[in-house]
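One-letter residues, chain by chain:
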Amino acid sequence: MALIKTTHCAYFTIPLILRGNTAVNRTQHSNTMKEKDHIFAAPIERLGDFCFDHQVADVFPDMIKRSVPGYSNIISAIGMMTARFAQPDSRLYDLGCSLGAATQEMRRNLNQSGCRIVAVDNSAAMVERARNHLAAFRSDVAVELLEADICDIHIENASVVVLNFTLQFIEPSRREALLSNIYNGLKPGGVLILSEKFVSEDNTINELLIDLHHDFKRANGYSELEISQKRTALENVLRPDSPEQHKARLGAIGFAHVDMWFQCFNFGSMVAIK
Ligand SMILES: Nc1ncnc2c1ncn2[C@@H]1O[C@H](C[S@+](CC[C@H]([NH3+])C(=O)[O-])CC(=O)[O-])[C@@H](O)[C@H]1O
Ligand SMILES: O=C(O)C(=O)Cc1ccccc1
């Protein structure tokens with residue numbers, strides 16, 4: 001198999017996508033939402049850091065479904081929590097919205113008047129596709145889609161804030177300020193839904209959960225090469241905290257109630273209420 005050289009991004013310069021054994025020119029495929037993730041299928045000679053570029057955005061629904069245990073359950077529960085926690089005339093935030101899966105579920109379940117959803121991502125490729133994706137559904141709920149760094153936006157009048165597998169990509173030294181900004185922008189009784197990949201503080205359990213996650217990926221058709229190359233590409237950019245670290249930080253910021261509501265292997269979701 002041919003080696004694919006890259007520069008900064010793990011796959012930045014790859015001109016082709018692979019479908020089974022066939023290399024296909026990307027421009028022939030406009031139906032990006034149905035692309036299968038083969039990004040790490042071929043050996044990559046100089047593996048750079050993982051980033052959310054056009055290549056990832058094109059395969060993202062397939063990638064996240066096959067890589068994150070519980071992802072679709074979490075998206076459904078975000079809808080359920082929206083129905084419970086949304087307050088009239090408030091804002092709902094989807095921070096690191098990617099293609100807008102959580103935004104769309106919030107929108108479908110919103111049962112209060114005068115609300116607006118603010119969906120934010122700093123990847124131009126994601127925002128472009130999210131705009132098309134969200135435009136495909138009929139809804140009376142206003143959605144503001146911003147291409148911005150979630151650390152730079154002002155959060156206000158919020159009843160629901162979603163960080164669905166986004167905080168893990170934020171520089172660790174900036175996480176506390178971001179969460180404080182969210183806390184300050186939440187109304188009393190408002191909720192933060194925080195989904196993350198976790199590291200376990202017990203080494204044996206940590207290794208077990210990582211192995212089980214890799215089994216999950218194997219069961220979803222990823223090869224050993226795909227698993228190991230993606231793992232390397234993610235090393236410097238996805239830095240997980242432990243559930244204990246998350247709980248302590250959210251409590252110290254001021255959240256009145258914090259707990260894990262879902263966990264599968266080393267992935268899970270927490271709820272924090274102001
Ligand atoms: N500083 C930042 N500012 C804005 N966006 C950022 C930043 N850093 C990373 N992102 C964005 O956060 C998203 C993380 S994916 C979220 C899935 C989605 N929530 C979903 O429910 O489908 C999770 C994953 O791929 O594991 C990407 O779209 C990044 O561009
Ligand atoms: O695939 C992984 O190993 C993950 O940790 C999840 C993931 C999913 C999509 C983009 C980046 C990481």
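Residues numbered from 1 in each chain as written. Chains lettered and ligands numbered in written order. Predicted model: local features only at pLDDT ≥ 70, side-chain atom pairs only at ≥ 80, totals over all residues. Heavy atoms only, no water.

1. Examining the side chain of Gln104
Put simply, the test is: Numbering of helices and strands starts at the N terminus; helices are DSSP runs of H or I of at least 4 residues and strands are runs of E of at least 2. Here, two residues are considered to be in contact whenever any of their heavy atoms come within 4.5 Å of each other.
Tracing the backbone through its elements, the reader meets Gln104 in helix α3 (residues 101-109). What Gln104 contacts, discounting residues up to four positions off in sequence, is Leu134 and Phe137.

2. Remarks on the packing of aromatic side chains
Think of a pair of aromatic rings as described by two things: how far the centres are apart, and how the planes are tilted against each other in angle. This is how it is decided: Stacked, edge-to-face and tilted labels apply to pairs of Phe, Tyr and Trp rings (six-membered ring for Trp) whose centres lie within 6.5 Å, assigned for plane angles under 30 degrees, over 60, and everything in between, in that order. Throughout, exposure labels follow a simple rule: accessible area from a 1.4 Å probe, protein chains only, divided by the maximum for the residue type, with under 20% read as buried, over 50% as exposed, and the rest as partly exposed.
One pass over the full model with this rule turns up seven aromatic pairs. Look at Phe50 and Phe52: their rings are 5.2 Å apart centre to centre, the planes differ by 80°, and that puts the pair in the edge-to-face class. The buried category is assigned to Phe50, whose relative accessible area is 7%. Phe52 gets classed as partly exposed once you look at its relative accessible area, which sits at 28%.

3. Some words on the site of ligand 2
Rules: If even one non-hydrogen atom of a residue comes within 4 Å of a molecule or strand, that residue is called near it. Side-chain atoms alone can form a polar contact between residues adjacent in sequence; in general such a contact is a pair of N or O atoms within 3.5 Å, and within protein one must be able to donate a hydrogen while the other accepts it. Only the protein chains shown count as cover for residues, and the accessible areas themselves come from Shrake-Rupley with a 1.4 Å probe. Charged means Asp, Glu, Lys or Arg here, nonpolar means Ala, Val, Leu, Ile, Met, Phe, Trp, Tyr, Cys or Pro, and polar covers whatever is left, Gly included.
Neighbouring ligand 2 are Phe50, Met63, Ser67, Val68, Phe169, Lys197, His213, Lys217, Lys230, Leu234, Leu238 and Phe267. One of the side-chain N or O atoms of Lys197 is found 2.7 Å from an oxygen atom in ligand 2. Lys217 places a polar side-chain atom, nitrogen or oxygen, 2.7 Å from an oxygen atom of ligand 2. Considering ligand 2 on its own, with 320 Å² of exposed area, one finds that the protein chains cover 95% of that surface. Elements supplying a minimum of two residues to the shell around ligand 2: α1 (54-67), α6 (203-219) and α7 (224-234). The class makeup of the residues in the shell around ligand 2 is seven nonpolar, two polar and three charged.

4. Topic: the site of ligand 1
Among the 21 residues in the neighbourhood of ligand 1, the closest are listed as Tyr71, Gly96, Ser98, Asp121 and Asn164. Interatomic distance of 2.5 Å between a side-chain N/O atom of Tyr71 and an oxygen atom of ligand 1. The side chain of Ser98 places a nitrogen or oxygen atom 2.8 Å from an oxygen atom of ligand 1. For ligand 1, whose free accessible area comes to 660 Å², the fraction covered by protein is 94%. Every element with two or more residues in the shell around ligand 1 is listed here: α1 and α2 (71-85). Residue composition of the shell around ligand 1, grouped by class: 12 nonpolar, seven polar and two charged.

5. Observations concerning the packing of α2 against α3
Test applied: Interaxial angle, 0 to 180 degrees, is taken between N-to-C directions of lines fitted to C-alpha atoms, where a helix line uses only the stretch in contact. Helix crossings fall into two classes, left-handed where the near helix is turned counterclockwise from the far one by less than a right angle and right-handed where it is turned clockwise.
Here α2 crosses α3 at 35°, and the two axes come no closer than 8 Å. With respect to the hand of their crossing, α2 and α3 are arranged in right-handed fashion. Between α2 and α3, the contacting residues are Tyr71, Ile75, Ser76, Ile78, Gly79, Thr82 and Ala83 on the first element and Ala101, Ala102, Glu105, Met106 and Asn109 on the second. The class makeup of the residues in the contact of α2 with α3 is seven nonpolar, four polar and one charged.

6. Considering the sheet that holds strand β3 (residues 91-95)
Let me state the cut-off plainly: Strand pairing requires that DSSP identify at least two bridges connecting the strands.
Reading across from one edge, β5-β4-β3-β6-β7-β9-β8 is the order of the seven strands in this open sheet, with mixed pairing throughout. Each edge of the open sheet carries a strand with a single partner, namely β5 (142-147) and β8 (257-264). For this sheet the average axis-to-axis angle between neighbouring strands, irrespective of direction, equals 15°. Strand direction decides the pairing type here: strand β7 (residues 186-197) and strand β9 (residues 267-273), joined by seven bridges, are antiparallel. Residue pairing across strands places Lys197 opposite Phe267, the latter belonging to β9. Helix α4 (residues 124-135) rests against β4 (116-121) and β5 of the sheet, and its axis sits at about 165° to β5. In the packing of helix α5 (residues 172-185) onto the sheet, contacts are made with β3, β6 (158-164) and β7, and the angle to β7 comes to roughly 150°.

7. Focus on the side chain of Thr103
For Thr103, the location among the structural elements is in helix α3. Judged by relative accessible area, which is 0%, Thr103 ranks as buried. Not counting the four nearest positions on each side in its chain, Thr103 is found in contact with Asp94, Cys97, Ile117, Ala119, Leu134 and Val143.

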